[in-house]
Amino acid sequence: MYTVFIAADMEGITGYVNWPEKPPEDSWFREQMTAEVNAAIEGSLAGGAGDVIVSDIHWRKQNIIPDKMSGNARLIRGSKRRLMWMDMVERCNMVILIGFHAGSGSAGAVLPHTIDTRIVRLTINDMVAGEAMLSALAAGYYEVPVGMVTGDRACINETRLFLPDVKTVVVKEAIGNCAALGIHPVLAVEKIRVAAMEATKRGLEGGFKPFQTREPVDIVMEFSWPVYAEALSLVPGVTRTGGRMVSYRGGWLDAVGIISLFINWVENMPGL
Ligand SMILES: [Zn+2]
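Just so you know, the residues in each chain are numbered from 1, in the order the chain's sequence is written. Under the rules for a predicted model, residues below a pLDDT of 70 receive no local features and side-chain atom pairs below 80 are neither given nor counted, while totals for whole chains, interfaces and linings still include all residues.

Report on the overall build of the protein chain, specifying residues and quantitative values.
Summing up its helical and strand segments, the protein chain has six helices and twelve strands in all. Radius of gyration here is computed from C-alpha atoms only, and the compact-globule reference equals 2.2 Å multiplied by the residue count raised to the power 0.38. Here the protein chain has a C-alpha radius of gyration of 18 Å; the compact-globule value for 272 residues is 19 Å, and the two agree. In terms of overall dimensions, the protein chain has C-alpha extents of about 50 × 40 × 30 Å along its principal axes. Between the buried cut of 20 or more and the exposed cut of 12 or fewer other C-beta atoms within 10 Å of a residue's own C-beta lies the partly exposed class, and all C-beta atoms are placed from the backbone. Looking at the protein chain residue by residue over its 272 residues, the buried ones come to 47%. A run of DSSP states H or I qualifies as a helix once it reaches four residues; a run of E qualifies as a strand once it reaches two. Both are numbered from the N-terminal end.

Okay, structure coming up:
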């Protein structure tokens, strides 16, 4: 059965422009995130998918409103996952990224960051990697291609550099890192539904290629503060290459494991 994996973040959802959008302010964004995910689910099924798995990937990964999600899909929620947000992609045939954002340091982008603002720069085999690239590589490792990405203009521009053929929907354009001109939320949902249907049809015909890189993988991580490099240098195989920098060479799953270890299990240092 052709199964679509939808990874959904919050920063690239229509209208979202700043952290923290806490309750009650974020309740509307949870609704809109759920609506954009539902559009991708319904579009995928209309395009010929037989099953959909959704991964909530923002912050504590508990944003999509479970009982408002389309009944045809299953939902992965909760943090501290081995592959950060791509676990179970190996069971799927195509990936859709909803609500994505540009990587750390991008100009003209809404809330650009790479997983966690403690990571200033991440490279994988000398490619500067944001979350869209990490998702594509994680899927590509299992021969699964990405077929569609939605988010702000900067995210789409970044993604097109390494996935030139994917379907895209731009829902907003940054005016600064915390401000944007957005399209109407209802229009965003409609565009996502149509794009997901077209992407799934093309995916079923083998129209997308998995994005892959060589192994062993070289990763370099630069942090906002030296203490984080100090922590990761305790992991066997990780080399501290500078005050705020570490590098690692090894298999893809081990490399992702090291990033996951940092994100999920190394605490924020008080006051930083
Ligand atoms: Zn996020």
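I'd like to hear about the domain arrangement of the protein chain, residue by residue, with values.
For the domains described, the bounds stem from an automatic or database domain assignment. The domain architecture assigned to the protein chain consists of domain 1 (3-114 + 130-204) and domain 2 (217-265). Spacing between the C-alpha centres of domain 1 and domain 2 amounts to 26 Å. Listed as interface residues are seven residues of domain 1 and, on the opposing side, seven residues of domain 2. Throughout, a pair of residues is in contact if the C-beta atoms placed from their backbones lie within 7 Å.

Describe the sheet that holds strand β2 (residues 51-56), listing the residues and the values that go with them.
Here we have seven strands laid out as an open sheet, ordered β3-β2-β1-β4-β7-β8-β9, and mixed in their pairing. Each edge of the sheet is formed by a strand with only one pairing partner; in this case those strands are β3 (73-76) and β9 (179-182). Direction aside, neighbouring strands of the sheet carry axes that sit 20° apart on average. Examined bridge by bridge, strand β8 (residues 167-176) and β9 share four bridges and lie antiparallel to one another. In the strand pairing of β9, Lys-172 is matched with Gly-182. Helix axes are fitted to C-alpha atoms over the stretch in contact, other axes to C-alpha atoms as well, and angles between N-to-C directions run from 0 to 180 degrees. Strands in contact with helix α1 (residues 27-46) are β1 (3-8), β2, β3, β4 (94-100) and β7 (146-152); relative to β4, the strand with the most contacts, it is inclined by about 155°. The rule for pairing is simple: two strands pair if DSSP sees at least two bridges between them.

Quick one: what's the story with the pairing of strand β5 (residues 119-124), residue by residue and with numbers?
Each regular strand shows side chains that alternate between the opposite faces of the sheet. One ladder, built from five bridges, connects β5 with strand β10 (residues 217-223); its direction is antiparallel. Among the inter-strand pairings, Thr-123 is bridged to a residue of β10, identified as Val-220. Where β5 lies against strand β6 (residues 127-128), two bridges are found, and the strand directions are antiparallel. Along β6, the bridge assignment pairs Ile-124 with Met-127.

Let's hear about the nonpolar core: which residues, and what values?
A set of buried residues drawn from Ala, Val, Leu, Ile, Met, Phe, Trp, Tyr and Cys, joined through C-beta atoms within 7 Å, is what defines a nonpolar core. Ile-6, Val-95, Ile-96 and Val-146 are the most contacted members of the largest nonpolar core, which totals 85 residues. Among the elements that line this core, the one with the most residues is helix α2 (residues 131-141), at eight residues. Counting residues domain by domain, this core receives three or more from each of domain 1 (3-114 + 130-204) and domain 2 (217-265). When near neighbours in sequence (up to four residues on either side) are disregarded, Val-146 contacts Val-95, Leu-97, Ser-135, Ala-136, Ala-139, Leu-163, Val-166, Phe-208 and Phe-211.

A description of the sheet that holds β10 should follow, citing residues and the corresponding values.
What the five strands build is an open sheet, ordered β6-β5-β10-β12-β11; its pairing is antiparallel. Strand pairing shows two members of the sheet lacking a second neighbour, β6 and β11 (239-242), which therefore form its edges. This element, helix α6 (residues 252-265), spans β10 and β12 (245-250) of the sheet and lies at about 155° to β12.

So, unusual backbone geometry: which residues are in play, and what are the values?
In this model, Glu-215 is joined to Pro-216 through a cis peptide bond whose omega is 0°. You can see Pro-216 is positioned in the loop between α4 (185-204) and β10. A positive phi angle, near 70°, is found at Ile-115, a position not held by glycine. Residue Ile-115 is classed as buried on the basis of its 20 C-beta neighbours within 10 Å.

Would you mind going over the packing of α1 against α4 in detail, with residue names and values included?
Close contact between α1 and α4 brings their axes to 7 Å; oriented N to C, the two are set at 30°. Comparing their axes, α4 and α1 come out roughly parallel. The interaxial crossing formed by α1 with α4 has right-handed handedness. Of the residues in α4, those touching α1 at Gln-32, Ala-35, Glu-36, Ala-39, Ala-40, Glu-42, Gly-43, Ser-44 and Ala-46 are Pro-185, Ala-188, Val-189, Ile-192, Arg-193, Val-194, Ala-195, Ala-196, Met-197 and Thr-200. Gly counts as polar in this scheme, as do all residues outside two lists: the nonpolar Ala, Val, Leu, Ile, Met, Phe, Trp, Tyr, Cys and Pro, and the charged Asp, Glu, Lys and Arg. Within the contact of α1 with α4, the residues separate by chemical class into twelve nonpolar, four polar and three charged. Roughly parallel covers angles under 35 degrees, roughly antiparallel covers those over 145, roughly perpendicular covers 65 to 115, and oblique covers all other angles. It is the rotation of the near helix from the far one that decides the hand of a crossing: anticlockwise by less than a right angle makes it left-handed, clockwise makes it right-handed.

I'd like a description of the environment of Ile-41, backed by residues and values.
Within the secondary structure layout, Ile-41 lies in helix α1. Its 26 C-beta neighbours within 10 Å are what place Ile-41 among the buried residues. The sequence separation of Ile-41 and Gly-71 amounts to 30 residues, and the corresponding C-alpha distance is 9.5 Å. Apart from residues no more than four positions distant in its own chain, Ile-41 is found in contact with Ile-6, Val-52, Ser-70, Asn-72 and Ala-73.

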